[in-house]
Structure formats: structure tokens, C-alpha cells
Amino acid sequence: MKIFLDYLDKRTKFLKTLLNDYKTMEATKDNFLKAEKGDFIIFPPNKKWNEEEINSLPEKITLFCGKVDNCFLKTLSEKKIKHINFLDDENFAIENARLTAEGVLSLIIENSPRSFFENNILLLGCGRITKSLAMIFAKLGIKFSIACFSENGYFEAHYFCDKNYFEYEFLSDIKNFDIIVNTRPIEFFDEEKMKLIKDDTLFIETASTNCLNEQKAKHFSYLKAPALPQRFCFESASKLLLKKILGEIK
């Protein structure tokens, strides 16, 4: 069995050192010609696929990555490719969210001119990343609020902090926030809502889909932050990938 690894991502490249009992090589279009039935091809959870890349995959292999768009699933099926989405594993998704939250803290330190304790932070969404951030902020005594877009999420948010918002209630207070962290993978901030954000706000985008039009973000700092575990803690993130991969090998 051969294992093909994406060397463009620090997490999957570091797997080479962790998989020294297996034959590993770089995952490139040319190398795929060497792939055989039962081989593994591994890309990071945030990998975005296009049609050319999907068509280049060899048949009868096991593909590790994140979500593959529905339009490509037929091709995977025709090629008899077993697709394993890292993020379908809830334990993996939670641990990955915790590493992402650590990366958000690092970005705040790098990009905010103020101390943690002088900032007022708004978290948009109430998924795994928001919950991981909320736990860290609560332990550190950092002032923050959560805006949720589902009733269940809104009520759950009260376990983490006292000041929470349902849907767009936060807009009435948005000028009170120094830092905004979005975790919702959908565009929901139109130009009128963006005008309400105060000047020099640090807006961190962790979602796979931007929540606003980046070209319209002129009066505040809009920081796109994809794949944070790769940037700040790739060894830990790589070990998390390894656990899932070895579970499938065995």
C-alpha cells in the first residue's frame, strides 16, 4: 500500500514523518499514475476541488479530505473511490475546532493594538469554533458576546456568556465591539449592515464561505483566516489527521 500526501499543506506534509512505516510520496497528478487499488491519497480538510483535479484521481483508491461538492460525487462513484471526509467524524471536528480557536487567539494578538482584556468581542454563529472560543475566553476572563441564528444555538449560548443575540439583534450594538469573529459559512452581511461596523474594527473570517463582500470592507480590517491549524499548530493538527488515517488502515 502506498500513501500519497499533499505537500502544499503543512499538516499533510508533516504526516510523512509520522507514517515512516509506510511508503509515502507526494500527491501530484504525475504521481497518481503510480497509484494502485487500495492506495491512500490524503489532502487536508479544507481542500477545494475542481473538475480537473477530480478527474485526475486514479480508480479504486481511498481519498481522505474534507467535503467534496455534490457535483463530483458521481465521478468518485464511477471511479470506485472510497471518500472519507475527516469532518464527518464528530470527534475529529471538535478537536479541529479547538485548534482553530487557538489560531484565532493568535490572530487577535498579532492584529489588535489592544490587550485581550480591553477588547469587546462578538462571535457570529454558535458552532464548534464559537463554542471552543467561548470556553477559552470565559477561562481567560475576556469580554465577549455571541450572536446565534437558530433558537437552539441561542439558548445554548447562555451556558457560555450572559450577553447573547438572536439573529440580527446584534446590529443595534455592533459599534460597541472591537473584534468580530465570524464562523458562519454563508454570506449574510450586506453593505448596509457593514456600514454599522465601527472604524478600525478587526473582523476575522474563519468560515469557508465569506460572510460579506470583501471588496466592500473599506473602513474596518477584514482578515480572512482559513486553515488556521495549518498556520499555528500544524504538528498537532497532523497528529489529529494521523489518528483518523490509522483507524482506517487497521
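### Observations concerning the pattern of salt bridges
Piece 1. This structure, assessed with the given rule, holds 17 salt bridges.
Piece 2. Two residues, Lys-2 and Glu-36, come together in a salt bridge whose shortest N-O distance is 3.1 Å. Remark: Glu-36 occurs in the loop between strand E2 (23-26) and strand E3 (40-42) and Lys-2 occurs in strand E1 (residues 2-5); sequence separation between them is 34 residues.
Piece 3. Between Glu-95 and Arg-98 there is a salt bridge whose closest N-O contact spans 2.7 Å. Of this pair, Glu-95 and Arg-98 are both found in helix H4 (residues 90-111), 3 residues apart, which corresponds to roughly one turn of the helix.
Piece 4. Overall, Glu-95 belongs to the partly exposed group, its relative accessible area being 33%.

### Digging into the nonpolar core
Nonpolar side chains in soluble globular proteins tend to be buried together.
Piece 1. Ranked by size, the top nonpolar core spans 27 residues in total, and within it Ile-121, Leu-133 and Phe-137 carry the most contacts.
Piece 2. Per-element tally for this core: the top contributor is H4, with 6 residues.
Piece 3. Setting aside residues up to four positions removed in sequence, Leu-133 forms contacts with Ala-101, Val-104, Leu-105, Leu-123 and Val-181.
Piece 4. Counting residues in each nonpolar core, the second largest holds 20 residues, with Leu-122, Phe-188, Phe-189 and Ala-217 among its members.

### Side note on the packing of helix H1 (residues 10-18) against helix H9 (residues 234-249)
Piece 1. One can describe the packing of H1 onto H9 by two numbers: an axis separation of 8 Å at closest approach and a directional angle of 65°. Put simply, H1 runs roughly perpendicular to H9. At the point where H1 passes H9, the crossing takes the right-handed sense. Every residue of H9 that contacts H1 at Lys-10, Arg-11, Thr-12, Phe-14, Leu-15 and Leu-18 is listed here: Phe-234, Glu-235, Ala-237, Ser-238, Lys-239, Leu-241, Leu-242 and Ile-245.
Piece 2. Looking at the contact of H1 with H9 residue by residue, the class counts come to 8 nonpolar, 2 polar and 4 charged.

### Some remarks on the sheet that holds strand E6 (residues 120-124)
What links the strands of a sheet is backbone hydrogen bonding, and the strands pair in either a parallel or an antiparallel sense.
Piece 1. The parallel open sheet is built from 6 strands, whose spatial order is E8-E7-E6-E9-E10-E11. Edge positions in the sheet fall to strand E8 (164-166) and strand E11 (221-224), since each has one partner strand and no second. Averaged over all neighbouring strand pairs, the angle between strand axes comes to 20°, with direction disregarded.
Piece 2. One ladder, built from 4 bridges, connects E6 with strand E9 (residues 179-182); its direction is parallel. In the sheet register, Leu-122 faces E9, and the bridge partner there is Ile-180.
Piece 3. Contacts from H4 reach E6, E9, strand E10 (202-205) and E11, with the element oriented near 150° to E10.
Piece 4. Contacts from helix H5 (residues 128-140) reach E6, strand E7 (143-148) and E9, with the element oriented near 160° to E6.

### Some points on the packing of aromatic side chains
Piece 1. Within the structure shown, the criterion is met by 20 aromatic pairs.
Piece 2. Ring centres of Phe-14 and Phe-234 lie 5.8 Å apart, and the angle between their planes is 80°; on these two criteria the pair is classed as edge-to-face. With Phe-14 in helix H1 and Phe-234 in helix H9, the pair connects residues that are 220 residues apart, well separated along the chain.
Piece 3. Arranged with centres 6.5 Å apart and planes meeting at 50°, the rings of Tyr-168 and Phe-188 form a pair that is tilted. On the criterion of sequence distance, the pair formed by Tyr-168 in the loop between E8 and E9 and Phe-188 in the loop between E9 and helix H7 (191-194) is long-range, its members being 20 residues apart.
Piece 4. Classification of Tyr-168 by relative accessible area gives partly exposed; the value is 34%.
Piece 5. Owing to a relative accessible area of 8%, Phe-188 belongs among the buried residues under this scheme.
Piece 6. Pairwise contacts between aromatic rings join Phe-149, Tyr-168, Phe-170, Phe-188, Phe-189, Phe-203, Phe-220 and Tyr-222 into one cluster.

### Points about H1
Piece 1. Buried within H1 we find Arg-11, Thr-12, Phe-14 and Leu-15. Take H1 and look down its axis: the buried residues cluster within an arc of 155°, on one side only.
Piece 2. Contact partners of the buried residues in H1: E1, E3, helix H8 (228-232) and H9.

### Considerations on unusual backbone geometry
Among all residues save glycine, negative phi is the norm, and among peptide bonds the norm is trans.
Piece 1. Backbone geometry at Glu-167 places phi at a positive 55°, although glycine is not the residue there.
Piece 2. The class of Glu-167 is partly exposed, set by a relative accessible area of 35%.
Piece 3. One non-glycine residue, Ala-227, adopts positive backbone phi at about 50°.
Piece 4. Checked against the element boundaries, Ala-227 lands in the loop between E11 and H8.

Thresholds applied
Residues numbered from 1 in each chain as written. Predicted model: local features only at pLDDT ≥ 70, side-chain atom pairs only at ≥ 80, totals over all residues. Heavy atoms only, no water. Salt bridge = Lys/Arg side-chain N within 4 Å of Asp/Glu carboxyl O. Helix = DSSP H or I, 4+ residues; strand = E, 2+ residues; numbered from the N terminus. Buried < 20%, exposed > 50% of the residue type's maximum accessible area, 1.4 Å probe, protein only. Core = buried A, V, L, I, M, F, W, Y, C linked by side-chain atoms within 4.5 Å. Contact = heavy atoms within 4.5 Å. Axes fitted to C-alpha atoms, helices over the stretch in contact; angles between N-to-C directions. Parallel < 35°, antiparallel > 145°, perpendicular 65-115°, else oblique. Left-handed = near helix turned anticlockwise from the far one by under 90°. Nonpolar A, V, L, I, M, F, W, Y, C, P; charged D, E, K, R; others polar. Pairing = 2+ DSSP bridges. Phe/Tyr/Trp six-rings, centres within 6.5 Å; stacked < 30°, edge-to-face > 60°. Arc of directions from axis to C-beta.

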